[in-house]
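# Descriptive analysis of the structure
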Amino acid sequence: MAEGPEQTVPDEVMTRIGQSVILHHAGDREEARHRFLALWAEIGEHGEALHRCTLAHYLADTQDDPSDELAWDLRALTVAEELSAERLGDRLAGQANAVAVRALYPSLHLNLAADYEKLGRSGAARTHLRRARGAAETLAEDRYGDGVRAAISRLERRLGEGGTPGEGRWGPPRQRP
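Read on for an overview of the structure.

Definitions and limits used
- Residues numbered from 1 in each chain as written.
- Predicted model: local features only at pLDDT ≥ 70, side-chain atom pairs only at ≥ 80, totals over all residues.
- Heavy atoms only, no water.
- Helix = DSSP H or I, 4+ residues; strand = E, 2+ residues; numbered from the N terminus.
- Axes fitted to C-alpha atoms, helices over the stretch in contact; angles between N-to-C directions.
- Parallel < 35°, antiparallel > 145°, perpendicular 65-115°, else oblique.
- Contact = heavy atoms within 4.5 Å.
- Nonpolar A, V, L, I, M, F, W, Y, C, P; charged D, E, K, R; others polar.
- Salt bridge = Lys/Arg side-chain N within 4 Å of Asp/Glu carboxyl O.
- Buried < 20%, exposed > 50% of the residue type's maximum accessible area, 1.4 Å probe, protein only.
- Expected span 1.5 Å × (residues − 1).
- Arc of directions from axis to C-beta.
- Polar contact = N/O pair within 3.5 Å; in protein donor to acceptor, adjacent residues only side chain to side chain.

Another aspect to go through is the environment of His109. Among the structural elements, His109 can be located in helix H5 (residues 91-118). Expressed as a C-alpha distance, the spacing of His109 and Arg133, which sit 24 residues apart in the sequence, is 8.6 Å.

Spelled out as structure tokens, the structure:
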């Protein structure tokens, strides 16, 4: 059976990343880290940018040392910045990947802000928090967007960045029926 344009081909690497994320969220941080590192060794520094960005983003969350977490989060942001439609051979795939990475930017900057906070670098934490807040303005009003905005608000409170209503802040997540 031929696949039509509305059907997508499963991405084995993203599936494997997702399986490791599930392990991590289920509490098996060490096994998730082990699988992420094995996958990183497999795809390498020159693998597909969306894979490297996503993998580094999640791999950071499995680190025990805040400096290691920061290094992986910085790697994820660097790869995200590399990823653009112009740099990819297939223009349509490039556009799809660029959209996917744009949705990650708020979380990438939020993670960096949290990393810097853990390391006692409040100036850098605030810089990335502002970038996360700005990038989050483009997120949809859905579960992912609500979760990222809520996490930004929590970190804002911890860093004393509450501000006043109307300064580009958002309210609490909307209630669903």
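Alright, that's what it looks like, and here's the rest.
Once that is clear, we can look at the packing of helix H1 (residues 12-25) against helix H3 (residues 49-60). At their nearest, the axes of H1 and H3 sit 10 Å apart, and the two run at 5 degrees to each other. Comparing the axis directions of H1 and H3 gives the class roughly parallel. Along the contact surface, H1 presents Val13, Met14, Ile17 and Val21, while H3 presents His51, Thr54, Leu55 and Tyr58. Classifying every residue of the contact of H1 with H3 by side-chain character gives six nonpolar, two polar and no charged.

This brings us to the pattern of salt bridges. One pass over the structure, following the stated rule, counts twelve salt bridges. One salt bridge connects Arg35 with Glu31, and the closest N-O pair in it is separated by 2.9 Å. Linking Arg35 with Glu31, this pair stays in helix H2 (residues 29-43), spanning four residues, or about one helical turn. Glu31 gets classed as partly exposed once you look at its relative accessible area, which sits at 27%. Residue Lys118 is joined to Glu69 by a salt bridge in which the shortest nitrogen-to-oxygen separation is 2.8 Å. Highlighted residues: Lys118 in helix H5 and Glu69 in helix H4 (residues 66-82), separated in sequence by 49 residues. A relative accessible area of 49% means that Lys118 is categorised as partly exposed. You can call Glu69 buried: its relative accessible area is 9%.

We now examine H1. Between its first and last C-alpha, H1 extends 20 Å over 14 residues, near the 20 Å set by a 1.5 Å rise per residue. Those residues of H1 that fall on the buried side of the exposure criterion are Val13, Ile17, Ser20 and Val21. Taken end-on, H1 shows its buried residues confined to a sector of 105 degrees, consistent with a single buried face. Those residues of H1 that are exposed and angled more than 90 degrees off the buried face are Glu12, Ile22 and His25. The elements touched by buried residues of H1 are H2 and H3. The backbone nitrogen of Val13 has a side-chain oxygen 3.1 Å away, supplied by the residue at the start of H1, namely Asp11. Of the residues flanking the end of H1, it is Gly27, one or two places downstream, whose phi is positive at about 105 degrees.

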